[in-house]
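These are the residues of each chain, in order.
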Amino acid sequence: GVIGSVVFLLRMKKLEKYFDYVFLHLPIFGTMIKEVNSARTARTLSSLLVSGVDVTRALGITKEVVQNVYFRRVIDESIEKIQKGVPLSEPFKAHTELFPIMFGEMMAVGEETGNISKMLVDIADFYESEVDDKTKNLSTIIEPILMVFIGGAVGFFAVSMLTPMYSILDSI
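This write-up is about the structure you can find in this document. All values reported here derive from a predicted model rather than from experimental measurement.

A separate point is the pattern of salt bridges. Applying the stated criterion across every chain, the model contains eight salt bridges. Among the salt bridges present, the one from Glu 128 reaches Arg 43, with a minimum N-O distance of 2.6 Å. On the criterion of sequence distance, the pair formed by Glu 128 in helix H8 (residues 116–171) and Arg 43 in helix H3 (residues 29–50) is long-range, its members being 85 residues apart. Among the residues examined, Glu 128 registers a relative accessible area of 32% and is labelled partly exposed. Connected through salt bridges with shared partners, the residues Arg 43, Asp 125 and Glu 128 form a single ionic network.

Below you can see the structure in the form of structure tokens.
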């Protein structure tokens, strides 16, 4: 029941922005979520631009791939600004609370050199490798904690089974 209600709450559109806000501000996982969404944005946008899709259409498709509401808002803003003639990297540079500083700067370099799709692939590769490294490190950190937790649980069960036996033996 608890798992079902959590899944139900996570899928509610009204609560989506609150959950996304909380997830972005979690101590360890927040930066990983930002890097995953940055990598997804870069990889999808790069693939679409290489295929010859129009920039505004590519951003619209990329918006559907990104799962976080706040990242979608930045992509919506970038679509509006591109239609006004602003460079593609400017909205991403303006939102450093979501996209890392290097993301916008590397996009600007790609625009200046005329090699934006190649630069986006490099950005995606970099952030994907960062996320992989962090998950490996996180699993290394969690391992000893899990061992202590499992040891405590086994100890608790052992004591809870032995205590009644000793009390029965005392009464005999």
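In this section: the packing of aromatic side chains. According to the stated counting rule, one finds eight aromatic pairs in the structure shown. A centroid spacing of 4.9 Å and a plane angle of 90° characterise the contact between Phe 92 and Phe 99, whose relative ring orientation is edge-to-face. Each of the two residues, Phe 92 as well as Phe 99, counts as buried. Between Phe 126 and Tyr 127 the ring centres are 5.1 Å apart and the planes differ by 70°, which places this aromatic pair in the edge-to-face class. Judged by its relative accessible area of 33%, Phe 126 is partly exposed. Put simply, the rings of Phe 71, Phe 92, Phe 99 and Phe 103 pair up and form one aromatic cluster.

Further remarks concern the nonpolar core. With 27 residues, the main nonpolar core has Phe 92 and Met 107 as its most contacted residues. Of all elements in the fold, only H3, helix H4 (55–65), helix H5 (69–83), helix H7 (101–113) and H8 reach the threshold of two or more residues within this core. Here Phe 92 is in contact with Thr 41, Leu 59, Val 74, Ile 75, Ser 78, Phe 99, Phe 103, Gly 104 and Met 107, once residues within four sequence places are set aside.

Thresholds, definitions, all that
- Residues numbered from 1 in each chain as written.
- Predicted model: local features only at pLDDT ≥ 70, side-chain atom pairs only at ≥ 80, totals over all residues.
- Heavy atoms only, no water.
- Salt bridge = Lys/Arg side-chain N within 4 Å of Asp/Glu carboxyl O.
- Helix = DSSP H or I, 4+ residues; strand = E, 2+ residues; numbered from the N terminus.
- Buried < 20%, exposed > 50% of the residue type's maximum accessible area, 1.4 Å probe, protein only.
- Phe/Tyr/Trp six-rings, centres within 6.5 Å; stacked < 30°, edge-to-face > 60°.
- Core = buried A, V, L, I, M, F, W, Y, C linked by side-chain atoms within 4.5 Å.
- Contact = heavy atoms within 4.5 Å.

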